[in-house]
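Each chain is listed here by its residues.
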Amino acid sequence: MLFFHINVALACLYVLVRHVRYLAWPRWAKITFGVLLLIGSQHHLYSRIAFGSMFLPEFPQPIVVAINVAFGVIFFLVWFQLAYDLIGLLLRWLILRRKQHPPKILRTVMSFAAIALACFGVAEGMRVPDVKEMDVTIRDLPDAFDGYRIVQLTDLHISKLYERPWVAEVVEKTNALEPDLIVITGDLIDGELPLRYDDVQPLVDLSARDGIITIPGNHEYYFGYENWMRHYGGLNMLTLENDHIVLDRDGDQLTIAGVTDLRAGNTDRPEPDVAKALEGSPENAPVILLDHQPKMARDAAPLGVDLQLSGHTHGGMVWGFDNIVAMLNGGFVSGMYDIEDMQLYVNNGTAQWPGFAIRVGVPGELTVITLRKG
């Protein structure tokens, strides 16, 4: 985590030295702007000092929103300034054989563009997402499950940024879809159970014909894992940890399997094991696997999985940044992928981690997956 804090500090320093320093603004305005960016850049460190974890910004919601905007401004200014430094100056030097400085107004335009994008991105990240409907064809899907509707929620990150009213709206919107099954593929919460107890309560009202199934994401392991697993059961959710259930309709069967998260290996808890999750499952029943992180999908494909549902990547969050996120997740970041005879769907996420709650060009999802017979 120290490496993360250092990198963020260096990014902020780059913005201050290469951008803010040369703004054609009054000195007091540049100093104020720079101080605000500096404060926002280290909000993960403040969370760690004040609340014991960089994943837990327990400040009042307006402050969490403000520091996300400041962090977003730094994020966009880094890319804007890099584009200028690495492309603009290089091209000018190659063409004119001497350095050319841009008009002073350009830096101001860059600053206000970064502020506008950050404000827009945080607003997009905080809203309840639109419904996304899609059909997924599964080979040898039994007739009884043709047209079966699954709502996938993922990465809810219930926290100071996504409190009880937001959760209640998600629940209401989900129930209105009248799904056969609801699956939540990890990262439901950010915070220990006593802090989030009231905020997660609306989840008890989720309703689907075949119930609600969830799996742990990496964030569950940061905040009292066993307490949360027990509490999910009290919210009428079945948690699958390297296990499966078999849905039966008039003798036709469909297997839903779920695994733990890769983070488990750092906590002396059972690591994800698809083979174990499928032990004893019917041989002829199609398999839908719930795995929070998509990066191990190529290992699941040969084990008879027909469809894997994942989250974790948030779709890359910002258009263009998705390529970097894909590199960290086995090449998977958003949407549908074909892996041998298996399909992988990576959901953009229902919400955002409150440490970087920004979406630009990558909308959140409240996803309805309708199974079709192939």
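Predicted model only: the values in this text are computed from it and were never measured.

Conventions we followed
Residues numbered from 1 in each chain as written. Predicted model: local features only at pLDDT ≥ 70, side-chain atom pairs only at ≥ 80, totals over all residues. Heavy atoms only, no water. Pairing = 2+ DSSP bridges. Helix = DSSP H or I, 4+ residues; strand = E, 2+ residues; numbered from the N terminus. Axes fitted to C-alpha atoms, helices over the stretch in contact; angles between N-to-C directions. Buried < 20%, exposed > 50% of the residue type's maximum accessible area, 1.4 Å probe, protein only. Arc of directions from axis to C-beta. Contact = heavy atoms within 4.5 Å. Nonpolar A, V, L, I, M, F, W, Y, C, P; charged D, E, K, R; others polar. Polar contact = N/O pair within 3.5 Å; in protein donor to acceptor, adjacent residues only side chain to side chain. Phe/Tyr/Trp six-rings, centres within 6.5 Å; stacked < 30°, edge-to-face > 60°.

Our focus in this paragraph is the sheet that holds strand S7 (residues 252-258). Pairing is mixed in the open sheet, where six strands are placed in the order S6-S7-S8-S9-S11-S10. Each edge of the open sheet carries a strand with a single partner, namely strand S6 (243-249) and strand S10 (335-339). Looking at each pair of strands side by side, their axes are set apart by 20 degrees on average, direction ignored. Where strand S8 (residues 287-290) and strand S9 (residues 307-310) come together, three bridges link them in parallel fashion. By the bridge assignment for S9, leucine 289 is matched with glutamine 308.

Bringing helix H7 (residues 193-200) into the picture now. Taken together, the buried positions of H7 are Leu193, Arg196, Asp199 and Val200. Down the axis of H7, the smallest arc covering the buried residues is 125 degrees, so these residues share one side.

Angle between the axes and distance between the axes are the two parameters that describe a pair of packed helices. Viewed as axis vectors pointing N to C, helix H1 (residues 2-18) and helix H3 (residues 43-51) meet at an angle of 145 degrees, and their least axial separation amounts to 9 Å. Note on element contacts: H3 touches H1 through His44, Leu45 and Arg48, opposite Leu2, Phe4 and His5. Of the residues belonging to the contact of H1 with H3, the class tally is three nonpolar, two polar and one charged.

With respect to the helices and strands, aspartate 155 occurs in the loop between strand S2 (149-153) and helix H6 (164-175). In this structure the side chain of aspartate 155 is engaged in a polar contact, spanning 2.9 Å, whose partner is the side chain of threonine 154. When sequence neighbours within four positions are dropped, the list of residues in contact with aspartate 155 reads Gly186, Asp187, His292, Gly311, His312, His314, Gly349, Thr350, Ala351 and Gln352.

With that out of the way, let us pick up the packing of aromatic side chains. In total, this model carries 16 aromatic pairs according to the counting rule given. Seen from their ring centres, phenylalanine 55 and tryptophan 353 are 5.5 Å apart, and the 50 degrees between their planes marks the pair as tilted. Remark: tryptophan 353 occurs in the loop between strand S11 (342-346) and strand S12 (366-373) and phenylalanine 55 occurs in the loop between H3 and helix H4 (61-96); sequence separation between them is 298 residues. What makes tryptophan 353 buried here is its relative accessible area of 16%. Between the aromatic rings of phenylalanine 75 and phenylalanine 356, the centroid separation amounts to 5.3 Å while the plane-to-plane angle is 65 degrees, which identifies the pairing as edge-to-face. Residue phenylalanine 75 is found in helix H4, and its partner phenylalanine 356 is found in the loop between S11 and S12; the two are separated by 281 residues along the sequence. Three or more aromatic residues joined by ring pairs form one cluster here, namely Phe71, Phe75, Phe76, Trp79, Phe321 and Phe356.

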